[in-house]
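Single-letter residue listing:
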Amino acid sequence: MQRHQSRRRRRRPNRLKRNVSKLFASPLQHTFDLSAEFRMDRKQYCVKLSVQPSRGLVDEKFIVLVQNVSPGFQMTIHALHKCEDGHSYEAFAHYTANATGTVNVSEDPSLGGTYSGVEQMGLLWSLRPVPGTKPGLRLRKVNVQTPMEVTISVYQGHQTEGFMDQVPLVGVLVERWYMAPRVRRIPITENGLTATLFLPSGLGPFPGLLDLWGGEGKLIEYRAALLASHGIACLTLDYLTPEITMETGKMVDSQYIETAYRVLEQHPQVLGSRIAMLGLSLGASVTLKMAVYSQVMKLRCVVCISGCHVQPIDGFLEELLNFCRINSETKTRINEEDQVIYHDLLLPIPTDPALKVDVGRLQCPLLLVVGEDDQNWPAYESAIDMKEMMEKAGNSHLLTVLSYPNAGHLIEPPYTPHTLATAFLSVTSVKKVMALWGGETVAHSRAQEDAWRKTLAFLRENLYGSSNCGF
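Reading guide: rules and limits
Residues numbered from 1 in each chain as written. Predicted model: local features only at pLDDT ≥ 70, side-chain atom pairs only at ≥ 80, totals over all residues. Heavy atoms only, no water. Core = buried A, V, L, I, M, F, W, Y, C linked by side-chain atoms within 4.5 Å. Buried < 20%, exposed > 50% of the residue type's maximum accessible area, 1.4 Å probe, protein only. Helix = DSSP H or I, 4+ residues; strand = E, 2+ residues; numbered from the N terminus. Contact = heavy atoms within 4.5 Å. Pairing = 2+ DSSP bridges. Axes fitted to C-alpha atoms, helices over the stretch in contact; angles between N-to-C directions. pLDDT = per-residue confidence, 0-100. Expected span 1.5 Å × (residues − 1). Phe/Tyr/Trp six-rings, centres within 6.5 Å; stacked < 30°, edge-to-face > 60°. Lys NZ or Arg CZ within 6 Å of the ring centre and 35° of its normal.

Participant: Explanation requested: the nonpolar core in the structure shown.
Facilitator: In summary, soluble globular proteins display a tendency toward joint burial of nonpolar side chains. Among the nonpolar cores identified, the biggest contains 61 residues, and Leu210, Leu235, Leu237, Tyr239, Ile257, Leu299 and Leu366 are the most heavily contacted of them. The leading source of residues in this core is helix 7 (residues 282–293), at seven residues. Not counting chain neighbours up to four residues away, the residues in contact with Leu210 comprise Leu235, Leu237, Ile257, Ala260, Tyr261, Leu264, Ala276, Met277, Leu278 and Met297. In terms of nonpolar packing, the next biggest core, distinct from the first, is built from 39 residues, Val144, Trp213, Ala225 and Leu227 among them.

Participant: Just checking my understanding: could you explain the sheet that holds strand 16 (residues 301–305) for this structure?
Facilitator: By definition, the strands of a sheet pair up through backbone hydrogen bonds, in either a parallel or an antiparallel sense. The eight strands lie next to each other as 11-12-14-13-15-16-19-20, forming an open sheet whose pairing is mixed. Edge positions in the open sheet fall to strand 11 (184–188) and strand 20 (399–404), since each of these has one partner strand only. Geometrically, the sheet is characterised by an average inter-axis angle of 15° between neighbouring strands, direction not taken into account. Strand direction decides the pairing type here: strand 13 (residues 206–212) and strand 14 (residues 233–237), joined by five bridges, are parallel. Residue pairing for strand 14: Gly208 is matched across the bridge by Ala233. Packing of helix 6 (residues 254–266) onto the sheet brings it into contact with strand 11, strand 12 (195–199), strand 13, strand 14 and strand 15 (270–280), and relative to strand 15 it is tilted by some 140°.

Participant: Whenever I open this one, the confidence of the model for the chain confuses me. Can you help?
Facilitator: Should pLDDT be low for a region, the predicted coordinates there are not to be read in detail. Model confidence for the chain is summarised by a mean pLDDT of 90, while 88% of its residues fall at 70 or above. Across residues 1–21, where pLDDT falls below 50, the model places 24 contacts with residues more than four positions away in sequence or in other chains. The model gives residues 26–44 a pLDDT under 50, and that stretch makes 35 contacts with residues more than four places away or in other chains.

Participant: I would appreciate a short explanation of helix 7 in the present structure.
Facilitator: Think of an α-helix as turning once every 3.6 residues; residues three or four places apart then point the same way. Taking 1.5 Å as the rise per residue, helix 7 with 12 residues should run 16 Å; its terminal C-alpha atoms sit 17 Å apart, in good agreement. Taken across its 12 residues, helix 7 has 11 buried, putting it largely inside the fold. Residues of helix 7 that are buried: Leu282, Gly283, Ala284, Ser285, Val286, Thr287, Leu288, Lys289, Met290, Ala291 and Val292.

Participant: Sorry if this is basic, but what is going on with the packing of aromatic side chains here?
Facilitator: Any aromatic ring pair is given by two values, namely how distant the centres are and how the planes are angled relative to each other. Overall, the coordinates contain six aromatic pairs when judged by the stated rule. Judged by centre distance (6.0 Å) and plane angle (50°), the rings of Tyr115 and Trp125 are tilted. Separated by 10 residues along the polypeptide, Tyr115 in the loop between strand 7 (103–104) and helix 3 (122–125) and Trp125 in helix 3 bring together distant segments of the chain. Between Trp213 and Tyr222, the aromatic rings sit 5.2 Å apart at their centres with planes inclined by 50°, giving tilted as the arrangement. Exposure class is identical for Trp213 and Tyr222. Each is buried. Site record: aromatic cluster; members linked through ring pairs are Phe92, Tyr155 and Phe163. A cation over an aromatic ring shows up here: Arg223 above the ring of Trp213, its NZ or CZ 3.9 Å from the ring centre.

Encoded structure:
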């Protein structure tokens, strides 16, 4: 019996080897693989637009193909998304049909618009609020149980505005999901936690991951849902604004994080010896501290995105936030656009060991993802110091650094629109400010795509122990 279970467990990772698009296959597939036609006056051309796959995960590429127009025909391909908060976002690009009357967005260059050149997924990563929208918006999925819907349309001529006042030649509705079919979403409230667990489809057990976001708080689910769609049981945790903090007025301590870890570790669908932790921004600070100092958490690997190891070692969240609050009085800058720059808050990197996590003690692989134009947090400078600390301690073989020129702070899953600055209310603020995140749109988008691919590979290697085990 024991031998039989062992054989079954070894085979389980192979069940995750699948084409993402197949997850969405169903008897209704042809309903979603849409094409549409429009007969142009005089020319008598029947314009055809197809998007394949028109239903898939947000990190899956699609092919946009316009056919059956006259050679040299000028067109604008337009993408429109209405967010859950009611605000609309758009992207558009100018194309000229080739000699066969075709435009393939994955092969043909955009001649202008919200992006230029050959950009297969430019219609997603260059989405921006439509003209007249209030400034400071950030596109984020709230309900992961519904798709992000994008209408892709074709307009005649090279246009830059007024799309809502015109009838397109043709349009197709596209669905992009964070949560693949049969992924299970389970709210977690036991032991005072405010969290959501996402379990991949299939029998399990699966490797696990604890997911922490940044200084704004709230329970944010879309990254965890996407990781579960790639075969990892993922628990996303609200550690800044959980119910217990709202009720008591007290910030959580390290035991709260350890409780979340135990819930994940002890779940029957999770491989308790194969758990990772991922944090972004302030969440990376917490992740580093727990990975080094916790006696409870035995992490298989750690991923820190746009994070910093500078913080008071004594204490936990309250002490860290007080440290930031004191520094903000003299180290916060405001630019000419009235955007707040927090980059210098933890600079210069201290030499006092009581003010930074001793990453030389780390015993599991660490992946650092940093944008070199991060205007919110000194992630790049912190990565340099951590590398030096680990080299001196003799554990630098555990460190991988992905450093991206001209990328900003908010390094998200692929094709998420780049946001230079947004309205931001941290848990330490009394009013919203316009926070500058940094980054240049094209470089930042490239960084997101590359970092996501390499993060999945890093997790695959360390959670399954083999780079050949596909998600």
